[in-house]
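Single-letter residue listing:
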Amino acid sequence: MKFNKRDPVYIQVIRHFKQQIASGHYEPGQEIPSRRELANQLKINPNTAQRAYKEMEEAGLIFTEGNSPSKITKNEEVIGRIRDELISEAIDNFVTAIRPINASLDEVIGLLKEKYVEG
Amino acid sequence: MIEVKDIKKNFGLKKVLKGVSFTANKGEITCLIGINGAGKTTIMNAIMNLTPIKGGEILIDSERLTKETYEKITFIPDAITMLPQMKIGEALQFMKDFYKSWNEERAKELLSFFRLKEEEKISSLSKGNTAKVNLLLGLGLDVDYLLMDEPFSGIDIFSREQITEVFTSHLVEDRGVIITTHEINDIEHLIDKAVLLDDGKVLREFRTEEVRELEGKSVVDVMREVYQR
Amino acid sequence: MRNYVKLVDFELKRFMKIYLTLIGIVIISQIVGVIVESNQFMDMANREMFEGSMSLTQFLEMYWPLTMSRILISGWFILPVGLSAAALIFYCFFIWYRDWFGKNTFIYRLLMLPTARINILLAKASAIFLMVLGLVSIQLILLPIENIIFQTIVPLDLRVDMTIREVINSSNGFASLQMLLPNSLVQFFAHYGIGFMTVFTLFTAILFERSYRIKGIIFGVVYCIIALVIFLLPSSLEMVFSEFGYFYPEELFIIEVILGIIVTGISIWVSHYLLNRKVTV
């Protein structure tokens, strides 16, 4: 995973997890690495990994039962919301980028369909 | 917590530290950044009472350094602190002989992590491996605070990667780490706090995540701002 | 205390290779010396008496019978002893400076040991003291052995036997063994006490240099001069006012002992201060 240098690292880590969850790469209830393992894998500060986990726990993205490793949420509603959020975020970015060009909506949708299927 | 309060130092007529203050917390990695000659190494030496200071005060967990403090804070300079004619095993034995806080188990673990052998003579090691032995001498101690002077300078990329791994591992867990560097790129994501130094003064002390979150700036952005002012 | 002992052990080990080489040179050179010198003397005796038809009496009148003390002033003895002395004097400096210079920075390690820093100094001084004692003991063991070799080569008619004590007392100059092996225990303590004091004073001067660098050289030299003046004051007073016989010899001795202890004490105290507050890596 590649980090950009201007966004807080913990937010980038959370985004990374959201993508993995939304794409189904992480399945509901799947165990995730400990904060130490994560720090080691991503070459980030363990405190940052800790912070990311804490925020994700609060947002209900992951959960921890007793002393066992943290797991991805089984709550379909939360997963659905993450998916919607990511899609909507991407669309927002797209719209912001395309609007200044003044292309018509039909034109954009046509091209979008073409490209999306190709890709 | 390590508190450096308004320390001053001269080398002859040259003022190398002109009232430096900052703090470094336990469980965090604090990075002193500055070009060569900014006073980074002198600050490290001063914290360890390896060089006298002219004014100010340094407190480690609210106390001044005594001989017992060397069991809970250690310094890894940029050159190895053992005799070149010693074997690695002898160097480790020396540490075991003198320090109560020496953790033999961890030393063994580090030895295999770095792929070093006890029979190897220090003088016969490559630059990267010498740096690893040097690191091992500090990391093998169960200390609360660890000071490292330019741990990445002048060593090959693979040794660099291995050493970076140390920082994200349990080997550094819960310790307070202060490292100096003039090259921030590799470790930007590793540090909790940056202290920008120039010409014997602290120009800015900040938490890296805070600067990213509140100002949307990278460490390098802040450096550019501060140093080009 | 345990750390002090460990440091002494460490300091001894560091110099052991060179030290054992020195001892080896002393042993070999002196033994070879006795054999060579004795044989040369015997060759001369043979030449003069058999080829030159000199009588034994004439020969002895001309050349004197050989003694151990005559052998002792040969280069075979003087050079290795001088070499050892020079090496140990040199090592008084090297024992400190080696920790600062070179690719390693061992002084960081020493100063960061969780032990009183004065132990570092005491250990270095003790190591040097033990090495001097070691060399002296080797000499003391060597002398009777050399005596036996000498007696085996040179027949009774051509030699005069001396006890080891006589040999030591007759030696003088560069190889003055009497200084190292004095006649009485009191003298022994006096000589080695002065040696100890000198080493500590020198160490203090070195630490001045290590603390203040160039300025420190001046401080160090001044410190040595002050120490010397304090120590020599009563004896020089005695010389100046000798006509009055200012002190009784016993008084002078006691005063010197006290001054020696004071100078050593001040040196250790100043070193302690410099090591804790002023020294720089």
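Scroll up to find the structure.
The paragraphs below set out a description of the structure included in this document. Please read all numbers here as calculations on a predicted model, not as lab measurements.

Overview of the overall build of chain A
Then, number 1: Along the backbone of chain A there are five helices and two strands.
Then, number 2: Along chain A, helices and strands appear, N-terminal first, in the series α-α-α-β-β-α-α.
Then, number 3: Whereas a compact globule of 119 residues would reach a radius of gyration of roughly 14 Å, chain A reaches 17 Å, over 25% beyond that.
Then, number 4: Seen along its three principal axes, the alpha-carbon backbone of chain A occupies a region of about 55 × 30 × 25 Å.
Then, number 5: In chain A, which comprises 119 residues, the share counted as buried stands at 33%.

A word on the pairing of strand β9 (residues 201-207) of chain B
Residues and elements named next belong to chain B.
Then, number 1: Examined bridge by bridge, strand β8 (residues 193-198) and β9 share six bridges and lie antiparallel to one another. Residue V195 lies in a different strand from β9, and its bridge partner there is E205.
Then, number 2: Between the end of β8 and the start of β9, which pair antiparallel, lie two residues, with D199 showing a positive phi angle near 55 degrees.

Re the side chain of T67 of chain C
Residues and elements named next belong to chain C.
Then, number 1: Secondary-structure assignment places T67 in the loop between α2 (56-63) and α3 (68-72).
Then, number 2: On the basis of relative accessible area, T67 is assigned to the buried category, the value being 14%.
Then, number 3: Within the structure, T67 has its side chain in polar contact with the side chain of S69 (distance 3.1 Å).

Examining the environment of T168 of chain B
Then, number 1: Counting through the fold element by element, T168 of chain B comes out in the loop between α5 (157-167) and β7 (176-181).
Then, number 2: Those residues in contact with T168 of chain B that sit more than four places away from it in its chain are R36, A39, N40, K43, I44 and P46 of chain A together with L190 of chain B.
Then, number 3: Polar side-chain contacts of T168 of chain B include one of 3.1 Å to the backbone oxygen of E165 of chain B.

Quick word on the pattern of salt bridges
Then, number 1: This model, assessed by the stated rule, comprises 31 salt bridges over all chains.
Then, number 2: Note that R51 of chain A is salt-bridged to E55 of chain A, the shortest N-O span being 3.6 Å. Within this pair, R51 of chain A and its partner E55 of chain A are both found in helix α3 (residues 46-58), separated by four residues, close to a single helical turn.
Then, number 3: Under the relative-accessibility criterion, R51 of chain A is labelled partly exposed at 33%.
Then, number 4: For E55 of chain A, a relative accessible area of 28% puts it in the partly exposed group.
Then, number 5: Residues joined by salt bridges that share partners form a network here, namely K96, E104, K108 and E118 of chain B.

Focus on the arrangement of the chains
Then, number 1: Most contacts, when the two pairs of chains in contact are compared, are made between chains B and C.
Then, number 2: Across the gap from chain A to chain C, with no contact made, the nearest C-alpha atoms are 28 Å apart.

Regarding unusual backbone geometry
With the exception of glycine, most residues fall at negative phi, and the peptide bonds are largely trans.
Then, number 1: Phi at K43 of chain A takes a positive value of approximately 55 degrees, unusual for a residue other than glycine.
Then, number 2: Take K43 of chain A: it is sitting in the loop between α2 (35-42) and α3.
Then, number 3: With a phi close to 50 degrees, D61 of chain B is a non-glycine residue in the positive phi region.
Then, number 4: Take D61 of chain B: it is sitting in the loop between β4 (55-60) and β5 (73-76).
Then, number 5: Judged by its relative accessible area of 28%, D61 of chain B falls in the partly exposed class.

What about the interface of chain B and chain A?
Then, number 1: If you look at the interface, chain B gives 23 residues, while chain A gives 20 residues.
Then, number 2: In this assembly, chain B packs against chain A so that about 1,800 Å² is buried in total across both faces, 42% of it on carbon and sulfur atoms.
Then, number 3: Among the residues of chain B in contact with chain A, T168, H189 and E209 of chain B are the three that bury the most area, contributing 38% of the side total.
Then, number 4: One can count three salt bridges joining chain B with chain A.
Then, number 5: D221 of chain B is the salt-bridge partner of R6 of chain A, the closest N and O atoms lying 2.4 Å from each other.
Then, number 6: Contributions of two or more residues to the side of chain B that touches chain A are made by α5 and α6 (208-215) of chain B.

Description of the sheet that holds strand β3 (residues 29-33) of chain B
All names here are of chain B.
Then, number 1: Strand order in the open sheet made by the six strands is β5-β6-β7-β3-β8-β9, with mixed pairing throughout. Either end of the sheet is taken by a strand with one partner, and the two such strands are β5 and β9. For this sheet, the mean inter-axis angle between neighbouring strands, taken without regard to orientation, is 15 degrees.
Then, number 2: As judged from the five bridges shared by strand β6 (residues 145-149) and β7, these two strands associate in the parallel manner. Each bridged residue has a counterpart across the sheet, and for Y145 the counterpart in β7 is G176.
Then, number 3: Helix α1 (residues 40-47) rests against β3, β5, β6, β7 and β8 of the sheet, and its axis sits at about 150 degrees to β7.

Quick notes on the packing of helix α4 (residues 75-100) of chain C against helix α6 (residues 118-153) of chain C
Residue and element names in this part refer to chain C.
Then, number 1: At a closest axis distance of 11 Å, the pairing of α4 and α6 adopts a crossing angle of 170 degrees. With respect to each other, α4 and α6 are oriented roughly antiparallel. By crossing handedness, the relation of α4 to α6 is classed as right-handed. When α4 is examined against α6, the residues F77, V81, S84, L88, Y91, C92, I95, W96 and D99 are found in contact with a partner set consisting of I120, L121, K124, I128, M131, V132, L135, Q139 and E146.
Then, number 2: Tallied by class, residues from the contact of α4 with α6 come to 13 nonpolar, two polar and three charged.

Rules used throughout
- Residues numbered from 1 in each chain as written.
- Chains lettered and ligands numbered in written order.
- Predicted model: local features only at pLDDT ≥ 70, side-chain atom pairs only at ≥ 80, totals over all residues.
- Heavy atoms only, no water.
- Helix = DSSP H or I, 4+ residues; strand = E, 2+ residues; numbered from the N terminus.
- Rg over C-alpha atoms; globule rule 2.2 N^0.38 Å.
- Buried < 20%, exposed > 50% of the residue type's maximum accessible area, 1.4 Å probe, protein only.
- Pairing = 2+ DSSP bridges.
- Polar contact = N/O pair within 3.5 Å; in protein donor to acceptor, adjacent residues only side chain to side chain.
- Contact = heavy atoms within 4.5 Å.
- Salt bridge = Lys/Arg side-chain N within 4 Å of Asp/Glu carboxyl O.
- Buried area = accessible area lost by both parts, 1.4 Å probe.
- Axes fitted to C-alpha atoms, helices over the stretch in contact; angles between N-to-C directions.
- Parallel < 35°, antiparallel > 145°, perpendicular 65-115°, else oblique.
- Left-handed = near helix turned anticlockwise from the far one by under 90°.
- Nonpolar A, V, L, I, M, F, W, Y, C, P; charged D, E, K, R; others polar.

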